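# Structural characterization, general
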Amino acid sequence: MKTERMIGSERVSRMVRRMREVHAFSLPIIFLVIFLVVTSFSSAWSLEPRLSDSVRVMTRNLYLGADIFRIVPALADPDPLAIPEAVAEIYSIMQYTDFVQRAEAVADEIQRYRPDLIGLQEVTTIRRQAPGDFVQGFTAPNAEETVWDYLDILTRALAARNLDYRVAAVVTNADVELPMLTGFDSAGAPTFDDVRLTDHDVILVRGDVDVANPFVYNYTSKIRVPVDDSLWIEFVRGFVAVDATVRGQTYRFVNTHLEVGGVPGDIFSRIQADQMQELLSILAAEDKTVILAGDFNSFPGSDPGSDVPYTQAVDAGYLDTWILRERKAKGYTCCFNETLDDPLARLYERIDHIFVLPRGKDVKKVRAKVVGNRIFNMTDEGLWPSDHAGVIVGIRFFRE
């Protein structure tokens, strides 16, 4: 894995060296122009007056660090080592994609734009038990030794920048523990630790934002896959919501992460659609302006009246803030390569959204930007901050 990281870093280095060789004279000017453009845009956001009828929101999928669905084919494999080997592979990739360094890049984004409200997805906790007891029949999640706590890592990075953000609400989703192959003993028998993955969606709020009425919910519709005849793994997802008062105006802020999409009509697409219907049904009772953020795993362009989440939201009266922005752009947010180390990787679809249901308000102006999608956003060791880009949206309403 180290070799792959070195290769990724060398790609970046080669690109920079090539630019220097070809543009030895113009390179300082190029960097100066880039710096001025980036800093002027950032400053325009950070220095823009915070009016009483405006709110700035961020959605950010932190990425657990590997493709969790690597486990699915292993669950169907009769080889008793298939699952422990797949878990070991996922764990190794997570070590390589190192959230500790990626959290610094995410914290830089938050420092640059200072959103009032932040919706985070794939806020992961990894715990380990050595030796494991899963193979002895203790299959309930019970590993306690924390290896990575993404929420703690990120909040520490924010605090190191003197940024005043606090956790307003957390929903716990999937909580799964499986054995991981760690090697073989002197007699040739396999040895195992247990690894426990717990997924959360989180709302962070800036220190001057008041919150009330937190609500957490797990969707009843979920993917269930068998480990054996008596044990199933559930990929639980959910949403979290709070009333957030920003400069005297109160909004219902909601953050979610829906199931991945699939071929129309398959189990993944049906569950995803059911989850969105659950969400919209619950939010239908709200009388405040609703700001709905998250990773919906659903993109624009579906047929009107279809049951994909994006269309469901629009049909329910929610406005896609990205298409309300003054300057049009594709706004792609997904996805970089699994190991996050390809500087030439490009995003190709827009599945992370911030919707607004005005409920008595009228939207006057929207500013929106995709963040974490430029090569200078990569960490010093050559990793993208996440496999997704984030979205920052500033919404200004007409005064009441």
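Now for a look at the structure at hand.

What counts as what
Residue numbers run consecutively from 1 along every chain, following the written order of its sequence. Thresholds applied to this predicted model are a pLDDT of at least 70 for local features of residues and 80 or more for the giving and counting of side-chain atom pairs; totals over whole chains, interfaces and linings are not thresholded and use all residues. The side-chain numbers reported here are obtained from all heavy atoms of the structure, hydrogens and water having been left aside. A run of H or I in DSSP counts as a helix once it spans at least four residues, and a run of E counts as a strand once it spans at least two, with each numbered from the N terminus. Here's how the labels work: a residue is buried when its accessible area is under 20% of the maximum for its type, exposed when over 50%, partly exposed in between, all with a 1.4 Å probe on protein chains only. The contact rule is simple, with two residues in contact once any of their heavy atoms fall within 4.5 Å. Note that accessible areas follow from Shrake-Rupley with a 1.4 Å probe, and for residues the cover is restricted to the protein chains shown. Multiplying 1.5 Å by the helix residue count minus one yields the expected span of that helix. Two N or O atoms form a polar contact when they lie within 3.5 Å of each other; inside protein one atom must be a possible hydrogen donor and the other a possible acceptor, and for residues adjacent in sequence the pair counts only when both atoms belong to side chains. Here a strand pair is declared whenever DSSP counts at least two bridges between the two strands. Axis definition: a line fit to C-alpha positions, over the contact stretch in the case of helices; interaxial angles, taken between N-to-C directions, run 0 to 180 degrees. Under this scheme an angle from 65 to 115 degrees is roughly perpendicular, one under 35 degrees roughly parallel, and one over 145 degrees roughly antiparallel; angles in between are oblique. Handedness of a helix crossing follows the sense of rotation of the near helix relative to the far helix, less than a right angle counterclockwise being left-handed and clockwise being right-handed. All amino acids are sorted into three groups, where Ala, Val, Leu, Ile, Met, Phe, Trp, Tyr, Cys and Pro are nonpolar, Asp, Glu, Lys and Arg are charged, and the leftover types, Gly among them, are polar. Throughout, a disulfide means two cysteine sulfur atoms within 2.5 Å of one another. Residues form patches when they are more than 30% accessible in relative terms and have no salt bridge. Like charges link within 9 Å. Nonpolar side chains (Val, Leu, Ile, Met, Phe, Trp, Tyr) link within 5 Å. One side-chain nitrogen of Lys or Arg within 4 Å of one carboxyl oxygen of Asp or Glu is enough to make a salt bridge. When we speak of the arc, we mean the arc of directions from the helix axis to the C-beta atoms.

Moving on, we get to the overall build of the protein chain. Scanning the protein chain for helices and strands turns up eight helices and 15 strands. A buried classification covers 51% of the 400 residues belonging to the protein chain. Once local pairs closer than 6 in sequence are excluded, the contacts in the protein chain between residues at least 24 apart make up 77%. Here the protein chain has roughly 18,300 Å² of accessible surface; of this, 55% comes from carbon and sulfur atoms.

Moving on, we come to helix α5 (residues 99–113). Spanning 15 residues, α5 covers 21 Å between terminal C-alpha atoms, matching the ideal 21 Å at 1.5 Å per step. Three or more residues of α5 are buried, namely Phe99, Gln101, Arg102, Ala103, Ala105, Val106, Ala107, Glu109, Ile110 and Tyr113. N-cap assignment for α5: the residue whose side-chain oxygen lies 3.1 Å from the backbone N of valine 100 is aspartate 98. Just downstream of α5, arginine 114 is the residue with a positive phi angle, here 45 degrees.

Summarising the element assignment, asparagine 61 is placed in strand β1 (residues 54–61). A residue is classified by how much of its surface remains accessible, and asparagine 61, at 1% relative accessible area, is buried. The contacts of asparagine 61, once residues within four sequence positions are left out, are Gln121, Glu122, His257, Asp295, Asp352, Ser386, Asp387 and His388.

What follows covers the sheet that holds strand β10 (residues 249–257). With mixed pairing, six strands are arranged side by side in an open sheet as β6-β9-β10-β11-β13-β12. Lying at the two open borders of the sheet, with one neighbouring strand each, are β6 (210–218) and β12 (319–320). Bridging between strand β11 (residues 289–295) and strand β13 (residues 352–357) involves six bridges; their strand directions are antiparallel. Note that in β13 the partner of isoleucine 291 across the bridge is valine 356. Against the sheet, helix α7 (residues 267–283) touches β6, β9 (238–246), β10 and β11, its axis set at about 160 degrees to β11.

Any two packed helices are characterised by the angle at which their axes cross and by the distance between the axes. Direction vectors running N to C along α5 and helix α6 (residues 150–160) enclose 50 degrees, while the axes themselves pass 9 Å from each other. For the element pair α5 / α6, the angle class is oblique. The crossing of α5 and α6 is right-handed. Judged by residue contacts, Phe99, Val100, Arg102, Ala103, Glu104, Val106, Ala107 and Ile110 of α5 engage Tyr150, Ile153, Leu154, Ala157 and Leu158 from α6. When grouped by side-chain class, the residues that make up the contact of α5 with α6 number eleven nonpolar, no polar and two charged.

Now for the state of the cysteines. Applying the stated rule across the entire model yields one disulfide. At a sulfur-sulfur separation of 1.5 Å, the disulfide partner of cysteine 334 is cysteine 335. Its torsion about the S-S bond being -80 degrees, the disulfide of cysteine 334 and cysteine 335 is classed as left-handed. For the pair shown, cysteine 334 and cysteine 335 are each scored as buried.

What follows deals with a nonpolar patch on the surface. A surface patch of nonpolar side chains, about 220 Å² in accessible area, is lined by Leu319, Ile323 and Leu324. Within the secondary structure, leucine 324 sits in the loop between β12 and β13.

Within the element layout of this structure, valine 363 appears in strand β14 (residues 363–371). Under the relative-accessibility criterion, valine 363 is labelled partly exposed at 22%. Considered as a pair, valine 363 and phenylalanine 397 are 34 residues apart in the sequence and their alpha carbons are 4.4 Å apart. In this structure, valine 363 is in contact with Leu319, Leu324, Val356, Pro358, Ile395, Arg396, Phe397 and Phe398, ignoring residues within four places of it in sequence.

Moving on to α6. Each turn of an α-helix holds 3.6 residues, which means side chains three or four residues apart point in the same direction. Listed as buried for α6 are Tyr150, Leu151, Ile153, Leu154, Ala157 and Leu158. The buried residues of α6 all sit within an arc of 165 degrees when viewed along its axis, so they share a single face. Pointing more than 90 degrees away from the buried face of α6 are the exposed residues Arg156 and Ala160. For α6, the elements touching its buried residues are α4 (82–96), α5, β2 (117–129), β3 (145–149), β4 (165–184) and β5 (190–206).

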